[in-house]
Amino acid sequence: MADEAIHDHCGIVGIFDPTNQLDVPRYLVIAMTALQHRGQESAGVALLLPGTGEIVPKTGMGRVRDVFPQGTDDLPKTCCGIGHVRYSTTGSSCVENAAPFVLRPGRKMIDDAVAIAHNGNVVNASELRAEITDIAFQSDTDSEVIAALLLRAGGESFAHRLRQAAHRLRGAYSLVLLAEGKLYGLRDPYGMRPLSLGRLGDGWILASETCAFDRVGATFVRELAPGELVTIDEQGCRTETFLRRARRGLCVFEFVYFSDATSVLDGRNVYQVREELGRQLAREYPAEADMVVPVPLTAIPMALGYAEQTGLAFAEPVIASRYADRSFIKPDQRLRRLEIDLKFNIVQSKIEGKRIVLVEDSIVRGNTLQILIKALRRKGASEVHMRVAAPPIKHPCYFGIDIPDEDELIASHRSVDAVAQYIGADSLGYLSLAGLGRATGGGAGDTDHAAEGILRHRFCFGCMDERGYPFPVREDANRLPSDVR
Ligand code: SF4
């Protein structure tokens, strides 16, 4: 739902194949297509040229298939490379910011080239950038700030410099890097963005989500721990923890919305957690109704869980139109209002005279839901009860997720009843924080206090409750940074 969507900013992948048997560029690009839901605005790879230390990048605007229309036959053969798909905020959508970012050799301490692919948002990037006056920045990305910190860091090895640089960063960052013939993977001390390790033949793969492993036939090994650095080369995969924090802070929206349903996060399958979110929602907010209807597409497992818990029928009378094209609609005000009819088709005969529980993963502005509920009534639904499988979004995200300003967030300054009235629902129920804790924590948490404690110790949920940020964030932090990740 376009005006409802909140966006993550990137997907990253890295492959090291010591046997030289795999067509690494091809595997990278295939893995990137599995991560395409994390970013569609630009894509790119950086490939290490064997024996030279040289790194060859290829980046461009658009989806993976736009950047590599002819496949990967024109790319150099290599045993090691990284890839990146990116979603950008307004104003930073340009090819200069397309990643991976490559730092050329010959600058200060760096003898070989370095390539960086980043998912997350460094909240003190502006401060760090202002502090570094002896380097002319070429882009407005956090990746270049990290590269600049690497240039300035002392230490006998690249891993040492990487640890030094990481100590200066505040915020969310999962990184894959190429340097000195090695592949590095690193996750911030709170583990705010996901990063997993897998085996690919006799080699290794790092990726934002395990769905990328499935696409290339890799075997999931484990998720990187918060604050973990792995170094991969011919000798194998070595690990060290460079920073520890008392709590963790995985973005809980990875479960609610961002991640692919097939991925495993925090040891749990995303689809199953979404089903449990729906069951928990049903326990908290049952409804007298005839059927449970998901808002396509992420809300399907949540609606299934809701239907299972209540015993109500599950139906999909709202069908996403696969080939709706917004570009033809934009200039025409009337067509813009009708866009819902172009994006979704409604099976009238299924809903005439029926009481519907409409299940959605989150409400951002509420405008699209308002139009959808009107359309359902127009097609004959007698009642529409809205159920949302996450608590209300009320606050900004400082960690690279594109959430609108508070005054645009429908729940920020409205009561639940006022939101129901605005979207035109007969009733509205949001999942509680405790319910979110129970569902994401595998049902643990006997009391609401204990269930909220699960959230507080394991996840970031700051956009739903200001106490839910994993560390204090300042108003002047670069909330929607130009970098993206
Ligand atoms: S503030 Fe919200 S969207 Fe941002 S990282 Fe935390 S949970 Fe995720």
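Everything numeric in this text was worked out from a predicted model, so none of it was measured. (Residues numbered from 1 in each chain as written. Predicted model: local features only at pLDDT ≥ 70, side-chain atom pairs only at ≥ 80, totals over all residues.)

Caption draft 1: Molecular detail of the overall build of the protein. Within the protein one finds 16 helices and 24 strands. Scored against the burial criterion, the 485 residues of the protein give a buried share of 53%. When contacts within the protein are restricted to residue pairs at least 6 apart in sequence, long-range pairs at least 24 apart make up 70% of them. (Helix = DSSP H or I, 4+ residues; strand = E, 2+ residues; numbered from the N terminus. Buried ≥ 20, exposed ≤ 12 C-beta atoms within 10 Å, placed from the backbone. Contact = placed C-beta atoms within 7 Å.)

Caption draft 2: Up close: the environment of A425. Positionally, A425 belongs in the loop between α14 (416–423) and β23 (427–430). On the basis of neighbour counts, which here come to 22 C-beta atoms within 10 Å, the residue A425 falls in the buried class. Residues A425 and L358 lie 67 residues apart in sequence; the distance between their C-alpha atoms is 9.3 Å. Those residues in contact with A425 that sit more than four places away from it in its chain are I373, V384, H385, M386 and A420.

Caption draft 3: View of the nonpolar core. Within the largest apolar cluster, 159 residues are counted, with the highest numbers of intra-cluster contacts made by V13, L178, V252 and V359. Taken domain by domain, the makeup of this core includes at least three residues from each of domain 1 (2–249) and domain 2 (269–467). Those residues in contact with V252, other than ones at most four positions away along the chain, are L436, T440, L455, F459, C460 and F461. (Core = buried A, V, L, I, M, F, W, Y, C linked by C-beta atoms within 7 Å. Domains from an automatic or database assignment.)

Caption draft 4: Layout of the pairing of strand β21 (residues 355–360). Counting buried positions along β21 yields five of six residues, so the element is predominantly enclosed. Judged from the six bridges that link them, β21 and strand β22 (residues 383–388) form a sheet pairing that is parallel. Within the sheet, the bridge partner assigned to L358 lies in β22 and is M386. (Pairing = 2+ DSSP bridges.)

Caption draft 5: Quick look at the environment of T241. In this fold, T241 is placed in strand β13 (residues 236–241). Judged by local crowding, T241 falls into the exposed class, with 12 C-beta atoms found within 10 Å. On a C-alpha basis, the gap between T241 and L229 in space is 6.1 Å, while along the polypeptide they are twelve residues apart. Dropping the residues within four chain positions of it, T241 is found in contact with A225, G227 and E228.

Caption draft 6: Structural view of the packing of helix α15 (residues 433–440) against helix α16 (residues 448–458). Close contact between α15 and α16 brings their axes to 7 Å; oriented N to C, the two are set at 65°. Considered as vectors, α15 and α16 are oriented roughly perpendicular to each other. As α15 runs across α16, the sense of the crossing is left-handed. Of the residues in α16, those touching α15 at L433, A434, L436, G437 and R438 are D448, A451, E452, I454 and L455. Across the contact of α15 with α16, the residue classes tally to six nonpolar, one polar and three charged. (Axes fitted to C-alpha atoms, helices over the stretch in contact; angles between N-to-C directions. Parallel < 35°, antiparallel > 145°, perpendicular 65-115°, else oblique. Left-handed = near helix turned anticlockwise from the far one by under 90°. Nonpolar A, V, L, I, M, F, W, Y, C, P; charged D, E, K, R; others polar.)

Caption draft 7: Quick peek at the site of the ligand. In the vicinity of the ligand, the contacting residues are M192, C251, V252, F253, C397, F399, I401, C460, F461, G462 and C463. For the shell around the ligand, the per-class residue count stands at ten nonpolar, one polar and no charged. (Near = placed C-beta within 6 Å.)

Caption draft 8: Geometry of unusual backbone geometry. Although it is not a glycine, E180 adopts a positive phi angle of roughly 50°. Relative to the helices and strands, E180 resides in the loop between β7 (171–179) and β8 (182–187). You will see that D266, though not glycine, has its phi angle at about 50°, which is positive. Along the chain, D266 turns up in the loop between β15 (264–265) and β16 (268–269).

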